[in-house]
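Residues per chain are reported as follows:
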Amino acid sequence: MGPPLDFDAEDVRHPMWSPSVRSLPIPGIRRMVNMASEMDDVIHLSIGQPDFSMPPHIVEAHIDALRAGHTRYTLDAGLPQLLEAVADYYGERHGRHLDPENVLITTGATEAMYLAIAATAAPGRQFLVPDPTFPLYAPLIRMNGAEVKAIPTRAEHGHQLDPQEVIDNIGMRTFGIILNSPSNPTGTVYPKETVEAIVQEAAYRGVYVYSDEVYDHLVLDEMEYASVLRCTSDLDHVMVISSLSKTFSMAGLRIGWLISSQGAIKKLRRFHIFTTTVANTPAQWAGVAALQGGRECVDEMLESYRKRRDRIVELVSNTPHLTSYRPQGAFYIFPSLPPNTDGTTVATRMLEETGVCVVPGDAFGETCPNSLRISYSASMEDIERAFERIIPWMAEQKF
Ligand SMILES: Cc1ncc(COP(=O)(O)O)c(C=O)c1O
């Protein structure tokens, strides 16, 4: 764990900063992690990245790229070998043809989402965003003057998104719909019917779909993964974003991409030049090795996530006051506390009194202040130790 990040609320309100920077929230995850960093014997179930090492063949490819002198800028769209690898890999995975010109390599999925939203969000445009959701989209949308309309999901329904509710919320001002399956913070995986219904109605109504698929390989049950790339014949109304961070446990190498129509990629390439110029070159070579290497390393990680998921579902179900469900992907569960309970107070007191760090629901939106995000990107031993503390503590609480 690194040193705590300092966020001074007074500082960011200083008039020197632009209104968009002043509008950025202090990340709820940071608040908890900062607090935990000042305590001893903390068990973290708060982590948002894989706890596995990067597979050795990818490490070798990264080092080889440095030794071979691959340390200059690549083409702005990305290293040609990686553009081709992404197009081939995702084309084959989703049974469709993709050209390298449909791909833009970015500094993680974060840059891809930044480009997609900043290039299109504007005053008068509304985005439908599932709530709870990853706390990147709404601030970016608002920072660019557009409006967020939350579509709530609930633990009682496994946090599934109701496609009809999304469709019913498309109005005159709706410009975009954000999807994130498997979801952070809920671990929910949308079935094909949901994604297909939303993507098709959006195309018909001239609304764009922004699909964050960074957990696209972390699907823990036997089911076909419904990428937006499987649910549309053309790419004119979709931007599909993913990265190597979660699949190959290489978040620090910062390689992601955006897949869309060739026309959209051309525009976004220009924006990308003004943002980061190109993604890290040796890391792009590591990306080629990741996508062209065997799947065994991913399968091994999946096996561990699956065992942890099964156990954590049991443990959460055995915890008083928590409403559980069975998430099918990523490495999170987002149970709820009784209605009107303040999740931030509970998470803070739980950290102070048991030393277990989880993230309160209000870090992920407006409709779930009575929830907690529990990450199982932690060893089975830590998961067991954490719940040995959480269960008796919860049993003593009166909500
Ligand atoms: C849903 C989601 N999207 C995007 C990201 C960022 O991914 P990257 O490391 O590729 O920028 C994360 C990281 O936690 C995430 O959970």
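Residues numbered from 1 in each chain as written. Predicted model: local features only at pLDDT ≥ 70, side-chain atom pairs only at ≥ 80, totals over all residues.

(A) Spotlight on the pairing of strand E7 (residues 238–243). Of all 6 residues in E7, 6 are buried, a share of seventy percent or more. What you see with E7 is no split at all: Val238, Val240 and Ser242 on one side and Met239, Ile241 and Ser243 on the other are buried throughout. Sheet analysis places strand E6 (residues 208–212) next to E7, joined by 4 bridges and oriented parallel. Pairing of Asp212 across the sheet is with Ile241, part of E7. Pairing geometry for E7 and strand E8 (residues 255–259), over 4 bridges, is antiparallel. Of the residues in E8, the one forming a bridge with Val240 is Ile259. (Buried ≥ 20, exposed ≤ 12 C-beta atoms within 10 Å, placed from the backbone. Helix = DSSP H or I, 4+ residues; strand = E, 2+ residues; numbered from the N terminus. Pairing = 2+ DSSP bridges.)

(B) Quick look at the domain arrangement of the protein chain. According to the domain assignment, the protein chain contains domain 1 (9–54 + 297–396) and domain 2 (56–292). For domain 1 and domain 2, the distance between their C-alpha centres works out to 24 Å. Listed as interface residues are 39 residues of domain 1 and, on the opposing side, 37 residues of domain 2. For the side of domain 1 that touches domain 2, the secondary structure elements donating two or more residues are helix H12 (296–317) and strand E9 (332–333). Of the residues forming the side of domain 1 that touches domain 2, the biggest block, 6 residues, is contributed by H12. Looking at the side of domain 1 that touches domain 2 residue by residue, the class counts come to 21 nonpolar, 13 polar and 5 charged. (Domains from an automatic or database assignment. Contact = placed C-beta atoms within 7 Å. Nonpolar A, V, L, I, M, F, W, Y, C, P; charged D, E, K, R; others polar.)

(C) Representation of the sheet that holds strand E2 (residues 103–107) in the model. The strand order across the open sheet built from 7 strands is E2-E8-E7-E6-E5-E3-E4, with neighbouring strands paired in mixed fashion. Each edge of the open sheet carries a strand with a single partner, namely E2 and strand E4 (147–152). Direction aside, the axes of adjacent strands within the sheet are offset by 25° on average. Lying over the sheet, helix H9 (residues 192–205) contacts strand E5 (174–180), E6 and E7, oriented at roughly 160° with respect to E5. (Axes fitted to C-alpha atoms, helices over the stretch in contact; angles between N-to-C directions.)

(D) Quick peek at helix H11 (residues 281–292). Given a rise of 1.5 Å per residue, 12 residues ought to cover 16 Å, and the 17 Å separating the end C-alpha atoms of H11 matches this to within 8%. Within H11, 9 of the 12 residues are buried, which leaves the element mostly enclosed by the surrounding structure. All buried positions along H11 are accounted for by Pro282, Ala283, Gln284, Trp285, Ala286, Gly287, Val288, Ala289 and Ala290. Where the residues of H11 are buried, they touch helix H4 (56–67), helix H5 (80–93), E2 and E8. (Expected span 1.5 Å × (residues − 1).)

(E) Here's a closer look at the environment of Leu128. Tracing the sequence through the fold places Leu128 in strand E3 (residues 126–131). Considered as a pair, Leu128 and Leu302 are 174 residues apart in the sequence and their alpha carbons are 31 Å apart. The contacts of Leu128, once residues within four sequence positions are left out, are Lys149, Ile151, Val166, Asn169, Thr174 and Ile177.

(F) Expanded view of helix H6 (residues 108–118). Counting buried residues in H6 gives 9 out of 11 residues, a clear majority hidden from the surface. Residues of H6 that are buried include every one of Gly108, Ala109, Glu111, Ala112, Met113, Tyr114, Leu115, Ala116 and Ile117, and no others. Its buried side turned inward, H6 meets E2, helix H7 (137–143), E6, E7, E8 and helix H10 (262–273).

(G) Structural context of the sheet that holds strand E12 (residues 372–375). Here we have 3 strands laid out as an open sheet, ordered E9-E12-E11, and antiparallel in their pairing. Edge strands, defined here as strands with exactly one partner in the open sheet, are E9 and strand E11 (359–360). The pairing of E9 with E12 spans 2 bridges and is antiparallel. Its bridge partner being in E12, Tyr332 is matched across the sheet by Ser375.

(H) The arrangement of the nonpolar core in detail. In this structure, Ile105, Val209, Leu258 and Ala286 are the most contacted members of the largest nonpolar core, which totals 119 residues. For this core, the leading source of residues is H6, giving 7 residues. Inspection of this core shows a minimum of three residues originating in each of domain 1 (9–54 + 297–396) and domain 2 (56–292). With sequence-adjacent residues up to four places away left out, Leu258 is seen in contact with Leu104, Thr106, Ala112, Leu115, Ala116, Met239, Ile241 and Leu268. (Core = buried A, V, L, I, M, F, W, Y, C linked by C-beta atoms within 7 Å.)

(I) A look at the site of the ligand. Gly108, Ala109, Thr110, Ser243 and Ser245 are the nearest of the 13 residues found near the ligand. In terms of residue count, H6 provides more of the shell around the ligand than any other element does, 3 residues in total. (Near = placed C-beta within 6 Å.)

(J) Main features of the packing of H4 against H11. Orientation of H4 relative to H11, taken along the N-to-C sense of each, is 145°, at an axis distance of 8 Å. Crossing of H4 over H11 shows right-handed handedness. Residues His57, Ile58, Ala61, His62, Ala65 and Leu66 of H4 lie in contact with H11, whose contacting residues are Pro282, Ala283, Trp285, Ala286, Ala289 and Ala290. In the contact of H4 with H11, the residues fall into 10 nonpolar, 2 polar and no charged. (Left-handed = near helix turned anticlockwise from the far one by under 90°.)

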